[in-house]
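# Examination of the molecular architecture
Here's the letter readout for the chains.
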Amino acid sequence: MEDIFRIPRLALTVSFLILGFAALASICLGATKIPILNIFEFMWDSFFTSGVNSSLSEIEKTIIMEWRLPRFVLGALVGASLSVAGSGFQGVFRNPLADPFLLGSAAGAGLGATLVIVTDLNVSFLFLGSVQFGAFLGALVAVIAAAIISSSSGRTTASLLLSGVAVAAFLTACQTYLMQRNFVSIQEIYGWLIGRLLTSGWGEVLIILPYFVFCFSIIFMYGRELDLLRMSEDESKALGGSPLQAKIVVISCASLMTAVAVSVSGLIAFVGLVIPHVVRLAVGASYRIIIPLSAIIGAAFLSSADTFARSAVAPAELPIGVITAFIGAPFFVLILKLSKGTI
Amino acid sequence: MKKLFVELNLLISLIFLGLTLSFPTFLAIAAANNRPERIVSISPSLTEILFAIGAGQQVVAVDNISNYPPDAPTSPLSAMEPNMEAIATFEPDLVVLSYDIGGLVKGLNTIGINTILLPAALNFEEILNQIIELGQVTGNLDQARELVEEMNTEMTSLISMRKSKVRMSVYHEIDENYYSPSTNSFIGSIYRLLNLHNIADQADKDGVGYPKLSPEYILSSNPGMIILPGKTPEYVAKLKNRPGWSAIDAVKQERFLIIDPDIGSRWGPRIVAFAKAVVARSDLDEN
Amino acid sequence: MQVAAEKLSVNFGKKSILKGLSFRIPSGSFVALLGPNGSGKSTLLKAVAGFINFTGCLYVNSARSRGLTTEKKLFSYVPQNLSQPAGMTLCEYVMLGRTSHSNWFLGEREKDYAAVANALDALKLSSSSNQLVTTLSGGEMQRATLARALAQEATCLLLDEPTASMDFARVIEVINILDELRSRYKFTVVMATHDINSLSRYADFGLVLKDGSSLYSGKFSAIMNRDFLENLYDTKIECVKNKKGYPLFFATADNL
């Protein structure tokens, strides 16, 4: 019998190819026209030989190495984080429509981060910086609130979704109020609400990377527990799972991931919902496969969306949240339609 | 050559502007002989104009953001979400506003309060138009004409000062989202008048006025001056540290202009001060 | 696996569901857990499984226990409503039984696949191993849960009315398989049920609850009489014997 939980080779290869193309596109496209061959030559030189006899100007080199490359990596990490968090939430809530955005955890993270910034609190905790810790607490509180409200009204998909939307709306309102009171410019609020990738250099990448690696590893390891949770909780216990522990760990890690992603990107909608579904439709429903593939496809999706945002109307830019929602919202409707009766 | 012609045209029209004063613009509801004595302004820009044309005595209340001139009678009235009832409690005989939000004008007119709606100006000429219009409506036409003439003269001299200079490129940074005013916004139109190349123009193909620029485009277009409304020295330090930005001329020569964000976002008489600051900064090392 | 209880009670808030049950189930029994609706059968199964808290003592193989899960005992629990997760294949479903055998980091190995293959084979499900569980029939689904229990190497099976929604033929088929597996693998079966007649050939131990108290525990044959059942279900019951001499019971409407 073949190994049923190994990620299918074909799917893995295709996913990495897509991510590779996304990387190439994001390095080659942008507001500045730089000949692609020269870029290749430069990349080759800087990675494999120490020679710097490139035909690119200093500015062009900086654009590639300090703007396009980190922005690709940041987009990939944010996309992977949101997708993995989304699959985690879907597993824990046994609900295909759970996602960081719809559950209110993204909004909670935003509010937490803003509160810390506005009040200038110092609440750093263990390895977490103040802003990340605030965002993490906010995300956690939001998810738990949504879960409690929904369980008091019947634990159905609809009730979870509605309570998530209510929590998100409430928290976003608090957030907008706080930002307005503190004279943050309208553009900043708007940019935050719609989601954007802000980078200059590798700073943001370095913030998000350790959290991503940590949380991804944990959630990946709990993939088997999430598979058990697809049974009833009692069955999962009888089979040797620890559903309560799994729920706590996965919700915490997914919240942390969301929190850190949101603290650099604002509210990017639908990635966490759409990507796990695409993976599920394409390769199967085991979380041990969904989680790693969601990470790769999520990374490719968001970084491609960003490349599009940067180059479609160059030298102007589109906010990336507009693109993800533009693709995500119809997809969301499609899922609702396809799963008629089952959720 | 065509551009030069357009600008020359603009210049000439500006000079004649103050003299001819024949604009068939918005129709004032208030009769000219019926001088309003209880004016409420819920537009910070229009408040500045009212006080500059000597109508300050007639103003009984201004909105919560109108902070200039300092002796303007600030009230809790919201400029963003104006409330008709709150406005009515001041028993105004004229309400001056820039945004007709939620049918405000119609509502005020129904309860017998005159209004004048002057939306955000898109260029210098429109600012002057609005000044004259407010002069007419409030019965301060002479002072309004004086003000317009004075602004016109100053602007004309600034324009002619800049005309012979190198066409420096500028980048106006609102925040780290890289939204920036193009010539289709009134602040951007000032850069145009001053013979400055605003890098946001190229990104505003749809004419929205505030395009979001790609950061690498800012880098590669190498602006000679960066305008930073209301930014702190820490913000500037951070800006200089953005990768590659040390290669930008403006950063190399430290040619930043930190201006009062109110001056840079209101279409009032102080726009001349803004223009002056821009010219002063851009002339720094140019000879 | 031998299971015993002494004064086992379960309370939900102020409401007491199980009131001081005492019983001793010999290893390898086929236990029929009987009682009218709401008598506490499901609760007892959950308490033994360790899903809910109880007071009193539970003994598993003579050792004091807080329920089967807490000691990581190998047992299988089959709820009334079987979960049929969307997108899960039968093979994956049965493989879940290997959770406590396989390595957290390395995942499943040869022997786990062998165990799953054997289990599927034992229940004649090999040919549908790649089918989605959502496409299986009720009978196949019951066999799938048994295959999972086999793969798990469970020594005890707790079944909550497994035959409630099955047709005649399926009921006998499933109980028959269950009994066969029990004698082959020597596990203890505890089955909450109302279906006395189908069980009469197989069950050897009866555990009878009424209103949360234990009415009887002991040999199953002893409860197969009219008086006992009339008292248990508070209704008139008719008894006929089939050709082989097994008694069959029917509720009659005479008392209405």
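Residues numbered from 1 in each chain as written. Chains lettered and ligands numbered in written order. Predicted model: local features only at pLDDT ≥ 70, side-chain atom pairs only at ≥ 80, totals over all residues. Heavy atoms only, no water.

Bringing a negative patch on the surface into the picture now. Residue and element names in this part refer to chain B. There is a patch of like negative charges on the surface, built from Asp 142, Glu 146, Glu 149 and Glu 150. As for its position among the elements, Glu 149 is in helix H6 (residues 141-163). On the basis of relative accessible area, Glu 149 is assigned to the partly exposed category, the value being 43%. (Patch = residues over 30% accessible without salt bridge, like charges linked within 9 Å, V, L, I, M, F, W, Y side chains within 5 Å. Areas by Shrake-Rupley, 256 points an atom, 1.4 Å probe, with all protein chains shown as cover. Salt bridge = Lys/Arg side-chain N within 4 Å of Asp/Glu carboxyl O. Lys, Arg positive; Asp, Glu negative; His and termini not counted. Charge placed at Lys NZ, Arg CZ, Asp CG, Glu CD. Helix = DSSP H or I, 4+ residues; strand = E, 2+ residues; numbered from the N terminus. Buried < 20%, exposed > 50% of the residue type's maximum accessible area, 1.4 Å probe, protein only.)

Time to look at the packing of aromatic side chains. Throughout the structure, instances matching the rule amount to eleven aromatic pairs over all chains. With centroids separated by 6.4 Å and ring planes inclined at 70 degrees, the aromatic side chains of Tyr 171 of chain B and Trp 245 of chain B adopt a geometry described as edge-to-face. Linking Tyr 171 of chain B in strand E5 (residues 169-172) with Trp 245 of chain B in the loop between helix H9 (233-240) and helix H10 (249-252), this pair joins segments that are 74 residues apart in sequence. The class of Trp 245 of chain B is buried, set by a relative accessible area of 0%. Where Tyr 216 of chain C meets Phe 228 of chain C, the ring centres are 5.8 Å apart and the plane angle is 75 degrees; that geometry is what we call edge-to-face. Residue Tyr 216 of chain C is found in strand E10 (residues 213-219), and its partner Phe 228 of chain C is found in helix H7 (residues 226-233); the two are separated by twelve residues along the sequence. (Phe/Tyr/Trp six-rings, centres within 6.5 Å; stacked < 30°, edge-to-face > 60°.)

To continue, consider the arrangement of the chains. The highest contact count of any of the two pairs of chains in contact belongs to chains A and C. Taking C-alpha atoms only, the smallest gap left between chain B and chain C, which are not in contact, amounts to 41 Å. (Contact = heavy atoms within 4.5 Å.)

The next subject is the nonpolar core. Judged by nonpolar contacts, the single largest core of 75 residues is most densely connected at Val 78, Phe 89, Phe 93, Ile 208 and Met 257 of chain A. Take this core: its biggest share by element is 14 residues, from helix H13 (residues 287-311) of chain A. In this view, Val 78 of chain A contacts Leu 197, Ile 208, Ala 261, Val 264, Ser 265, Ile 268 and Leu 302 of chain A; residues no more than four positions away in its chain are not counted. Among the nonpolar cores identified, the runner-up in size contains 57 residues, and Leu 90, Val 116, Tyr 202 and Ile 223 of chain C belong to it. (Core = buried A, V, L, I, M, F, W, Y, C linked by side-chain atoms within 4.5 Å.)

At the junction of the two partners, chain C supplies 31 residues and chain A supplies 23 residues. For the pair chain C and chain A, the summed buried area comes to about 2,500 Å², and 60% of that belongs to carbon and sulfur atoms. On the surface where chain C and chain A come into contact, there are two salt bridges. Counting across the interface, chain C meets chain A through six residue pairs in polar contact (both at pLDDT 80 or more). Elements supplying a minimum of two residues to the side of chain C that touches chain A: strand E6 (75-78), helix H2 (90-95) and helix H3 (110-122) of chain C. The leading source of residues in the side of chain C that touches chain A is H2 of chain C, at four residues. (Buried area = accessible area lost by both parts, 1.4 Å probe. Polar contact = N/O pair within 3.5 Å; in protein donor to acceptor, adjacent residues only side chain to side chain.)

Another aspect to go through is the pattern of salt bridges. For the structure on display, the rule yields 30 salt bridges over all chains. With a shortest N-O distance of 2.7 Å, Glu 154 of chain B and Lys 276 of chain B are connected by a salt bridge. One end of the pair, Glu 154 of chain B, is in helix H6; the other, Lys 276 of chain B, is in helix H11 (residues 271-282), and 122 residues separate them in sequence. Owing to a relative accessible area of 25%, Glu 154 of chain B belongs among the partly exposed residues under this scheme. Between Glu 176 of chain B and Lys 238 of chain B there is a salt bridge; the shortest N-O distance is 3.4 Å. Highlighted residues: Glu 176 of chain B in the loop between E5 and helix H7 (186-193) and Lys 238 of chain B in helix H9, separated in sequence by 62 residues. Here the residues in one salt-bridge network are Arg 68, Arg 71, Asp 306, Arg 310 and Glu 317 of chain A together with Glu 216 of chain B, joined through shared partners.

Take the environment of Glu 108 of chain C next. Residues and elements named next belong to chain C. On the secondary structure map, Glu 108 appears in the loop between H2 and H3. On the accessibility criterion, Glu 108 (10% relative accessible area) is buried. Distance in space between the C-alpha atoms of Glu 108 and Arg 98 is 7.9 Å, their sequence separation being ten residues.

Turning our attention to the packing of helix H4 (residues 105-119) of chain A against helix H11 (residues 243-265) of chain A. All names here are of chain A. As a packed pair, H4 and H11 sit with axes 9 Å apart at the nearest point and diverge in direction by 60 degrees. Here H4 lies oblique to H11, going by the angle between them. Considering the relative orientation of H4 and H11, their crossing is right-handed. Each of Ser 105, Ala 106, Ala 109 and Gly 110 in H4 lies in contact with H11, whose residues at this interface are Thr 258, Ala 259 and Val 262. When grouped by side-chain class, the residues that make up the contact of H4 with H11 number four nonpolar, three polar and no charged. (Axes fitted to C-alpha atoms, helices over the stretch in contact; angles between N-to-C directions. Parallel < 35°, antiparallel > 145°, perpendicular 65-115°, else oblique. Left-handed = near helix turned anticlockwise from the far one by under 90°. Nonpolar A, V, L, I, M, F, W, Y, C, P; charged D, E, K, R; others polar.)

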